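Notes for the structure review
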Amino acid sequence: MSNLSLLRILVPYIKPYRVQILLALLIVPISSFTFSVQPMIIQKAIDGPLLAQNYQGCLIFVYFLIAAVVVNFILQVIQFWLVNIIGQNSIADIRSDLFAHLESLSLSFFDRTPVGRSVSRITSDMEQLAESFSGGLVLVILDVFNILGILAFMFYLDWRLSLVISFFLIPVFYFAIHYQTLFREASLKARKELSKLNSFLQQNVVGISVVQVLNSASKSMRIFDENNQKYFKANDKSIRADSQLSALNELISILAIITMIYISSRILGSGLNLISIGVILAFLQYAQSLFEPIRNLSDRFTIIQSAFTALERVDQLFKEKIEIVDKPDTQVFKT
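Described in the following lines is the structure provided in the data block. (Residues numbered from 1 in each chain as written. Predicted model: local features only at pLDDT ≥ 70, side-chain atom pairs only at ≥ 80, totals over all residues. Heavy atoms only, no water.)

**Here we look at the overall build of the protein**
A count of helical and extended segments in the protein gives 13 helices and zero strands. Ordered by position from N to C terminus, the α and β elements of the protein give α-α-α-α-α-α-α-α-α-α-α-α-α. Taken over 335 residues, the protein has a buried fraction of 42%. For the protein, contacts bridging at least 24 residues in sequence account for 87% of all contacts bridging at least 6. Within the structure as shown, the protein displays about 19100 Å² of accessible surface, and the carbon and sulfur contribution to it stands at 66%. (Helix = DSSP H or I, 4+ residues; strand = E, 2+ residues; numbered from the N terminus. Buried < 20%, exposed > 50% of the residue type's maximum accessible area, 1.4 Å probe, protein only. Contact = heavy atoms within 4.5 Å. Areas by Shrake-Rupley, 256 points an atom, 1.4 Å probe, with all protein chains shown as cover.)

**A closer look at a nonpolar patch on the surface**
Where nonpolar side chains cluster on the molecular surface, the patch consists of Leu 59, Ile 60, Val 62, Tyr 63, Phe 64, Ile 66, Val 70, Phe 73, Ile 74, Val 77, Ile 78 and Trp 81 and spans about 1200 Å² of accessible area. Here Val 77 lies in helix H4 (residues 58–104). (Patch = residues over 30% accessible without salt bridge, like charges linked within 9 Å, V, L, I, M, F, W, Y side chains within 5 Å. Salt bridge = Lys/Arg side-chain N within 4 Å of Asp/Glu carboxyl O.)

**Comments concerning the packing of helix H3 (residues 38–50) against H4**
For the pair H3 and H4, the least separation of the axes is 9 Å and the interaxial angle reads 175°. Comparing their axes, H4 and H3 come out roughly antiparallel. Together, Gln 38, Ile 41, Ile 42, Lys 44, Ala 45, Pro 49 and Leu 50 of H3 and Cys 58, Phe 61, Phe 64, Leu 65, Ala 68, Val 69 and Asn 72 of H4 make up the contact between the two elements. Here the residues of the contact of H3 with H4 are counted per class, giving eleven nonpolar, two polar and one charged. (Axes fitted to C-alpha atoms, helices over the stretch in contact; angles between N-to-C directions. Parallel < 35°, antiparallel > 145°, perpendicular 65-115°, else oblique. Nonpolar A, V, L, I, M, F, W, Y, C, P; charged D, E, K, R; others polar.)

**Quick notes on the side chain of Thr 34**
Mapped onto the fold, Thr 34 is located in helix H2 (residues 18–36). If sequence neighbours within four positions are ignored, Thr 34 has contacts with Ala 68, Val 71 and Asn 72.

**With respect to the side chain of Gln 43**
Mapped onto the elements, Gln 43 comes out in helix H3. With residues near it in sequence (within four places) discarded, Gln 43 still touches Leu 157, Ser 276, Gly 278, Val 279 and Ala 282.

**Considering the packing of aromatic side chains**
The final tally for this structure, using the stated rule, is four aromatic pairs. For the pair Phe 167 and Phe 168, a centre-to-centre distance of 5.8 Å together with 80° between the ring planes defines the contact as edge-to-face. Arranged with centres 5.5 Å apart and planes meeting at 65°, the rings of Tyr 174 and Phe 175 form a pair that is edge-to-face. Take Tyr 174: its relative accessible area is 53%, and that puts it in the exposed class. Here the aromatic residues Phe 33, Phe 153 and Tyr 286 are joined through ring pairs into a cluster of three or more. (Phe/Tyr/Trp six-rings, centres within 6.5 Å; stacked < 30°, edge-to-face > 60°.)

**Some words on the nonpolar core**
Counting 36 residues, the largest nonpolar core has Met 154, Ile 165, Tyr 286, Leu 290 and Phe 291 as its most contacted members. If you list the elements that add at least two residues to this core, you get H3, helix H8 (137–157), helix H9 (159–167), helix H10 (169–206), helix H12 (217–269) and helix H13 (277–318). In terms of residue count, the dominant contributor to this core is H13 (twelve residues). Excluding its chain neighbours within four sequence positions, the residues that come into contact with Tyr 286 are Ser 36, Val 37, Pro 39, Met 40, Ile 150, Phe 153, Met 154 and Leu 157. Core analysis: the next-biggest nonpolar cluster, separate from the first, contains 17 residues, Ile 94, Leu 102, Ala 130 and Leu 311 among them. (Core = buried A, V, L, I, M, F, W, Y, C linked by side-chain atoms within 4.5 Å.)

**Observations concerning the environment of Leu 248**
Here Leu 248 shows up in helix H12. Residue Leu 248 is classed as partly exposed on the basis of its relative accessible area, which comes to 23%. In contact with Leu 248, other than residues within four places in its own chain, are Phe 175 and Tyr 179.

**Let's talk about the environment of Asp 143**
Relative to the elements of secondary structure, Asp 143 occurs in helix H8. Its relative accessible area of 3% is what places Asp 143 among the buried residues. Separated by 111 residues in the primary sequence, Asp 143 and Ser 32 have C-alpha atoms spaced 8.1 Å apart. Here Asp 143 is in contact with Pro 293, Asn 296, Leu 297 and Arg 300, once residues within four sequence places are set aside.

Okay, structure coming up:
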């Protein structure tokens, strides 16, 4: 299933929290501005009162910087709080509906489906979904705003250095798209192997008396080890894809900063006064700040891809047809 189709599954569950979502989204541009403006404040202080040795005039920039940091911190705390409220409540609603649906399925479903597999959908898959909300779709939007805000301030300060830094974003986005497919496939495979492992474990624990009577503990251990190794290999593949993407992003960010320092030194060495020390220091901060949300996107991309995999498996269970439907006036006997 496409990611868009999977997201539509969540829409009915997050609709009741539309106010919290709207508030979280309204905070995003303000939080992004207070984050992106900080190096600009430092640049203005260095090239202004500090260069003129007006140390008293630097105080106003210190106050602005402190205000930006404090406001950004408060807004991030509010965002995390809102995202967790939305996520935990939505996941609890999905888990309840999924359990109710599971109880309504006919016995034929349970005959052909190991119990551990269904348990995995309600436990580990739902836990993965909850983690994705904590990692946050809203936080992904915040990272995107941070990237755009930083680029806007960079181009305002110096378009030449900005073009140099922007050039390094091309391989970053290329690798992100490339590893998205790899991680999605590996994550789906790992989830399937984990379901098999849970199913086998469930069957053996429930039927432990039969295993002991037939003296088949060694055989069960061998099968468990095989399933465990399959899960390990599938999970290892997804971890390798994640670590490779993180390492490539880190390498690209270092190369971008080195290139920027080299070009800045050449401009300063030319004696043409095309760029100030304050702008160079601001760009060093912006270059580091620019790749920070990109690294965050890489980590959150991993979490979200795992969530899409879990959501796809949950959707498969929701699509299991209920063969016997009670009439509206059916009496339910309570114990």
